[in-house]
Amino acid sequence: MSGVPPRLLWLLGVLLAFLLVAPAMLGKYGLSVLILILYFAYVGQAWNIMMGFAGQLSLGHALYAGLGGYIAAGLFFHYGLGPWAGVFAAVAAASLAGAIVGYLGFRFSLAGVYFALLTIAFGEFTRLAFDHWSWAGGSGGLFLKVDGTVSLLNLRGGPVLFYYVILALAVGALVLSRILLESRLGRYWLAIREDAEAAQAVGVPVLRCKMIAVIISAALTSLAGVWNAFYYNNLFPETAFSMGRSIEITLAPIIGGLGTLFGPFVGAVVLTGLGEIFTDIGDYLGIPGIKQIFYGLALLAIVMYRPAGVWPWLAARMGLK
């Protein structure tokens, strides 16, 4: 990556080497935590393209993850179509949904919280539709068969297989984000994020650039939905399209550093680490709900004292800027 400090490149190389051999070094619990970190880093990076780079607030990204998961899983369940083939239909459907949401919002000049409400509404409409769609299992859920075989072609296997798939997705999202930021489109996004009217005045095609950001973000998020469906082997409308899942997607880049390349990864480490720590504390004390209380307080402290995110502060302290 041109323009990246040599020390940061060296650290990234060491980190990647560790991640490649991590399954051989960690137990089942450690591997499951690392999988969660990479998953939230990936979906956070996908959301970061839309909000962090282009400045378009979405609180309904579960819509794209849910569509991707349901379509790929449904094609596999009903017709035996493997996920690597079904992913094309999943990405197409999520991209179309993103284009519809984006066009309606941007065409009628919805911005900020009003655009966010539109994304929430579409997620809720879709949840209700899938709740009554028998092909997708309805409210009873869609379950994929677990037969113990290991097949990368059909995404069937244990945690190690899914670990390397989500690792590849996370690394790919990071590289893609870097390429986009260095492109003319990326510079247009940053101009729109800072002042859309000023960008329009100097000739930036604002509507087109916003639409591209939404479609790319939706497409990447749908891949996470496909991975999630085959990893957990079940889907339920009330969880796949829930507001809570959309909020989870936004947390890593916000905590790590909105609009930065490495913020979603750092945020995912912080969030998952805090989550596991507070889960253990809650289990030890036997107090229901203590995890949510301490988790919320910890996030509040981070937002108050590091409003730009953990990564910019960490990068400055380590001399990586």
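Residues numbered from 1 in each chain as written. Predicted model: local features only at pLDDT ≥ 70, side-chain atom pairs only at ≥ 80, totals over all residues. Heavy atoms only, no water.

### Considering the overall build of the protein chain
What the protein chain contains, in helices and strands, is 14 helices and two strands. Taken over C-alpha atoms, the radius of gyration comes to 20 Å for the protein chain, in line with the 20 Å a tight globule of 321 residues would show. The dimensions of the protein chain, computed from C-alpha atoms along their principal axes, are 55 × 45 × 40 Å. Within the protein chain, counting contacts between residues at least 6 apart in sequence, those at least 24 apart form 76% of the total. About 15,300 Å² of surface is accessible on the protein chain, with carbon and sulfur atoms providing 70% of the total. Side chains of the protein chain give 17 positive and 12 negative charges; the mean places of these two sets differ by 10 Å. (Helix = DSSP H or I, 4+ residues; strand = E, 2+ residues; numbered from the N terminus. Rg over C-alpha atoms; globule rule 2.2 N^0.38 Å. Contact = heavy atoms within 4.5 Å. Areas by Shrake-Rupley, 256 points an atom, 1.4 Å probe, with all protein chains shown as cover. Lys, Arg positive; Asp, Glu negative; His and termini not counted. Charge placed at Lys NZ, Arg CZ, Asp CG, Glu CD.)

### Looking at the packing of helix α12 (residues 263-285) against helix α13 (residues 290-305)
Here α12 crosses α13 at 145 degrees, and the two axes come no closer than 8 Å. Classified by chirality, the crossing of α13 by α12 is right-handed. Along the contact surface, α12 presents Val270, Leu271, Leu274, Gly275, Phe278, Thr279, Ile281, Gly282 and Leu285, while α13 presents Ile290, Lys291, Phe294, Tyr295, Ala298, Leu299 and Ile302. Among the residues making up the contact of α12 with α13, the classes are represented as 12 nonpolar, three polar and one charged. (Axes fitted to C-alpha atoms, helices over the stretch in contact; angles between N-to-C directions. Left-handed = near helix turned anticlockwise from the far one by under 90°. Nonpolar A, V, L, I, M, F, W, Y, C, P; charged D, E, K, R; others polar.)

### Notes on the nonpolar core
Core analysis: the biggest nonpolar cluster contains 93 residues, and Tyr42, Tyr64, Tyr70, Tyr163, Trp189, Trp227 and Phe230 have the highest contact counts within it. For this core, the leading source of residues is helix α2 (residues 28-53), giving 17 residues. Sequence-distant contacts of tyrosine 42, defined by excluding residues within four places in its chain, comprise Ile166, Leu169, Ala170, Ala173, Leu220, Leu223 and Ala224. (Core = buried A, V, L, I, M, F, W, Y, C linked by side-chain atoms within 4.5 Å. Buried < 20%, exposed > 50% of the residue type's maximum accessible area, 1.4 Å probe, protein only.)

### A look at the pattern of salt bridges
With the rule as written, the count across this model stands at four salt bridges. The partner of glutamate 124 in a salt bridge is arginine 127, and the shortest N-O contact between them spans 3.1 Å. Of this pair, glutamate 124 and arginine 127 are both found in helix α5 (residues 113-131), three residues apart, which corresponds to roughly one turn of the helix. Given a relative accessible area of 18%, arginine 127 falls into the buried group. Measuring nitrogen to oxygen at the nearest pair gives 3.9 Å for the salt bridge that ties arginine 178 to glutamate 182. Here glutamate 182 and arginine 178 lie together in helix α6 (residues 159-182), a separation of four residues that amounts to about one turn. One salt-bridge network, held together by shared partners, links Glu124, Arg127 and Asp131. (Salt bridge = Lys/Arg side-chain N within 4 Å of Asp/Glu carboxyl O.)

### Structural notes on the side chain of threonine 221
With respect to the element layout, threonine 221 can be found in helix α9 (residues 206-232). Residue classification places threonine 221 among the buried positions, given a relative accessible area of 0%. Among the polar contacts made by the side chain of threonine 221, one reaches the main-chain carbonyl oxygen of serine 217 at a distance of 2.7 Å. Those residues in contact with threonine 221, other than ones at most four positions away along the chain, are Ala46, His61, Tyr64, Ala65 and Ile249. (Polar contact = N/O pair within 3.5 Å; in protein donor to acceptor, adjacent residues only side chain to side chain.)

### Focus: a nonpolar patch on the surface
Together, Leu15, Leu16, Phe18, Leu20, Val21, Met25, Leu26, Val160, Tyr164, Val171, Val175 and Ile179 line one region of the surface with nonpolar side chains, adding up to about 980 Å² of accessible area. Among the secondary structure elements, those contributing two or more residues to the nonpolar patch are α1 (6-25) and α6. Among the elements that line the nonpolar patch, the one with the most residues is α1, at six residues. Take tyrosine 164: it is sitting in helix α6. Judged by relative accessible area, tyrosine 164 falls into the partly exposed class, the value being 34%. (Patch = residues over 30% accessible without salt bridge, like charges linked within 9 Å, V, L, I, M, F, W, Y side chains within 5 Å.)

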